[in-house]
Amino acid sequence: MAACTRPEPPPATARPAKPPLPAKPACLDAKGGCPGWEAYSYNDAIKAYNAEVAAFRPLAEAYIKALNAYVKASGDYAQCEVKALQ
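Residues numbered from 1 in each chain as written. Predicted model: local features only at pLDDT ≥ 70, side-chain atom pairs only at ≥ 80, totals over all residues. Heavy atoms only, no water.

Asks: Honestly, the overall build of the protein chain in this entry has me stumped. Any pointers?
Replies: The number of helices and strands found in the protein chain is one helix and zero strands. Summarising the internal contacts of the protein chain: among those between residues at least 6 apart in sequence, 73% fall at separations of at least 24. When the accessible surface of the protein chain is totalled, it reaches about 6,800 Å², and 60% of it is carbon and sulfur. (Helix = DSSP H or I, 4+ residues; strand = E, 2+ residues; numbered from the N terminus. Contact = heavy atoms within 4.5 Å. Areas by Shrake-Rupley, 256 points an atom, 1.4 Å probe, with all protein chains shown as cover.)

Asks: Honestly, the state of the cysteines in this entry has me stumped. Any pointers?
Replies: Every disulfide links exactly two cysteines, by a covalent bond between their sulfur atoms. Within this structure, the stated rule accounts for one disulfide. A sulfur-sulfur distance of 2.0 Å marks the disulfide that ties C4 to C80. One disulfide, between C4 and C80, carries an S-S torsion of -90 degrees and so falls in the left-handed class. Remark: C80 occurs in helix α1 (residues 36-85) and C4 occurs in the segment before α1; sequence separation between them is 76 residues. Exposure remark for C4: the relative accessible area of 18% places this residue in the buried category. (Disulfide = S-S within 2.5 Å. Buried < 20%, exposed > 50% of the residue type's maximum accessible area, 1.4 Å probe, protein only.)

Take a look at the structure:
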């Protein structure tokens, strides 16, 4: 009977880091709102954040796929061990 192969989890270093949300200026909640330059700066920061999130998404999906493959391989390994004992 063949030996059961232990699954290897994806390395923690492969886990992508979610980009941080830009800090919201306090003037956004103020009654008068923000001066134009500050509003434009925040809007630019949000656009940059959205681009970073778009780049993050496929990396996160690939990592999730690797985790799901590890979960499946772990179940297969456990079943192999059970069969080896029978």
